[in-house]
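Examination of the molecular architecture
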Amino acid sequence: MNNPPANFHFHDLQPAAADFRADVIAGLSRARKSLSPKFFYDNRGSQLFDAITRVPEYYPTRTEIGLLQRHGPEMAERLGNDGLLFELGSGSDIKIRVLLNALRPRIYTPIDISHAHLRQAAGAIAEDHPQLEVHAICADYSRPLDLPAALKREQRAAFFPGSSIGNFDPVQARDLLRRIAALLDPGGSLLVGVDLKKDPALLHAAYNDRAGVTAEFNLNLLTRINRELDADFDLAAFRHQAFYNETLGRVEMHLVAATAQRVHINGHSFSFQAGESLHTENSYKFSVEEFQTLAAAAGLASVGVWQDDDALFSIHCLRPAQRPGGHGK
Ligand code: AVI
């Protein structure tokens, strides 16, 4: 975007590069190597995720968009706020466009870790909605966030689509929901997309698409580490693996070393045995009741839930539960 429109504001609270280096070195030093899925989203990773949302096997995005199109006005009514709308992890902009049309807030605040992707997507929304103030925040929303002062005065509702909540372990997910609850004002609600438990064969297909886009997305993490941390991962020596772990109710993604090898990162050296995995993502799946229980543990009560006819995906509307004698906060 050469000339950002006057209604577009960008707040850069992006984590420092040193955080990425420290997290990668800590993750590869564990007995079971693992990295946070938030590191997938460099510019290329965000483009690859967009491509995943278009492969035929990946049902969540199109199903969630269908729910928003069908029930948008009712969802907007339950959200009950036309002041400020946050969006956490602003992914496909089709979803927010549907919701903005139904809700018509005064301010839209997308929060995302992927700098260039956020700037481009939020800038396009600002251009197309000249009446809307767009305050984009580039930040890691999995960490506590201090809002720019100008935004604190507004009535606030939130939108957390895509089942990104499923990429957090249950305790982290509860803590994140608590922090989102704290961002809402007493009348404000949260609309959150949640992927449902289903036939494992459908899950397997969704994370092992035939075109290999998910595999490329997974492997791009190594490309990013090579580029940004001066590392020497041999991409041809790792393969994508994704499967449903029924006991834990989650799809797991891994990068598995084909042969024994050593990798160097910024002066550190890590060995991989043949067949050893680097665990890159969990994607938890929920029943409606399981998610409502998680939300309740975060102090959020259900005020609505919608799901498609095939019970693939759900959208929940949640509101800070009333404290005895309190005002809903
Ligand atoms: C962003 N997140 C909800 C996606 C998911 O389904 O867990 C990321 C993804 N990983 C592989 N495919 C899509």
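Residues numbered from 1 in each chain as written. Predicted model: local features only at pLDDT ≥ 70, side-chain atom pairs only at ≥ 80, totals over all residues. Heavy atoms only, no water.

1. Quick word on the pairing of strand β11 (residues 277-284)
- For β11, the tally of buried residues reaches seven of eight residues, placing the bulk of the element in the interior.
- Alignment of strand β8 (residues 250-257) against β11, held across seven bridges, turns out to be antiparallel. Of the residues in β11, the one forming a bridge with Met-253 is Glu-281. (Buried < 20%, exposed > 50% of the residue type's maximum accessible area, 1.4 Å probe, protein only. Helix = DSSP H or I, 4+ residues; strand = E, 2+ residues; numbered from the N terminus. Pairing = 2+ DSSP bridges.)

2. Points about the pattern of salt bridges
- In the structure shown here, the tally under the stated rule is 20 salt bridges.
- Arg-78 is the partner of Glu-74 in a salt bridge, and the nearest nitrogen-oxygen pair spans 3.3 Å. Of the two residues, Glu-74 and Arg-78 are both situated in helix α3 (residues 59-79); the distance of four residues between them amounts to about one turn of the helix.
- Exposure remark for Glu-74: the relative accessible area of 34% places this residue in the partly exposed category.
- According to the relative accessible area criterion, Arg-78 is partly exposed, its value standing at 30%. (Salt bridge = Lys/Arg side-chain N within 4 Å of Asp/Glu carboxyl O.)

3. Let's talk about the sheet that holds β11
- On the basis of which strands lie adjacent, the open sheet formed by three strands has the order β7-β8-β11 and antiparallel pairing. Of all strands in the sheet, those with a lone pairing partner are β7 (238-245) and β11, marking the two edges. In this sheet, adjacent strand axes meet at a mean angle of 20 degrees when their direction is disregarded.
- Where helix α9 (residues 213-229) meets the sheet, its contacts fall on β7, β8 and β11, and the angle it forms with β8 comes to roughly 60 degrees. (Axes fitted to C-alpha atoms, helices over the stretch in contact; angles between N-to-C directions. Contact = heavy atoms within 4.5 Å.)

4. Some points on the site of the ligand
- Near the ligand there are 14 residues, and of these Tyr-58, Asn-167, Tyr-207, Glu-281 and Ser-283 occur at the shortest range.
- Measuring from an oxygen atom of the ligand, one finds a side-chain N or O atom of Tyr-207 at 2.6 Å.
- About the coverage of the ligand: the protein hides 96% of its 340 Å² of free accessible area.
- Here the shell around the ligand is built from residues that sort into seven nonpolar, six polar and one charged. (Near = heavy atom within 4 Å. Polar contact = N/O pair within 3.5 Å; in protein donor to acceptor, adjacent residues only side chain to side chain. Areas by Shrake-Rupley, 256 points an atom, 1.4 Å probe, with all protein chains shown as cover. Nonpolar A, V, L, I, M, F, W, Y, C, P; charged D, E, K, R; others polar.)

5. Side note on the confidence of the model for the chain
- Averaged over every residue, the pLDDT of the chain is 93; residues scoring 70 or more account for 96%.
- Low pLDDT (under 50) marks residues 325-329, which in the prediction has 13 contacts with non-local residues, meaning those over four places away or in another chain. (pLDDT = per-residue confidence, 0-100.)

6. Here we look at the side chain of Asp-308
- Tracing the backbone shows Asp-308 in the loop between β12 (300-307) and β13 (313-320).
- Buried Asp-308, no salt bridge; nearest opposite-charge side chain is Lys-198, N-O distance 7.6 Å.
- Contact partners of Asp-308, with chain neighbours within four places excluded, come to Thr-63, Leu-67 and Phe-313. (Lys, Arg positive; Asp, Glu negative; His and termini not counted.)

7. Remarks on the nonpolar core
- Formed by 38 residues in total, the largest nonpolar core has its most connected members in Val-24, Leu-28, Ile-225, Phe-233, Phe-238, Ile-265 and Phe-272.
- Elements supplying a minimum of two residues to this core: α1 (17-29), α2 (43-52), α8 (200-206), α9, β7, β8, β9 (261-265) and β10 (268-272).
- Among the elements that line this core, the one with the most residues is α9, at seven residues.
- If we ignore the near neighbours within four places in the chain, the residues touching Ile-225 are Phe-20, Val-24, Leu-35, Asp-230, Ala-231, Phe-233 and Ile-265.
- Counting residues in each nonpolar core, the second largest holds 32 residues, with Leu-147, Leu-151, Ala-173 and Leu-190 among its members. (Core = buried A, V, L, I, M, F, W, Y, C linked by side-chain atoms within 4.5 Å.)

8. Concerning the sheet that holds β13
- A sheet is described by the order of its strands in space; here eight strands give the open sequence β1-β4-β3-β2-β5-β6-β13-β12, paired in mixed fashion. At either end of the open sheet lies a strand with only one pairing partner, and these are β1 (8-12) and β12. For this sheet, the mean inter-axis angle between neighbouring strands, taken without regard to orientation, is 20 degrees.
- The sheet contacts of helix α10 (residues 288-297) involve β6 (190-195), β12 and β13, and relative to β12 the element is tilted by about 155 degrees.

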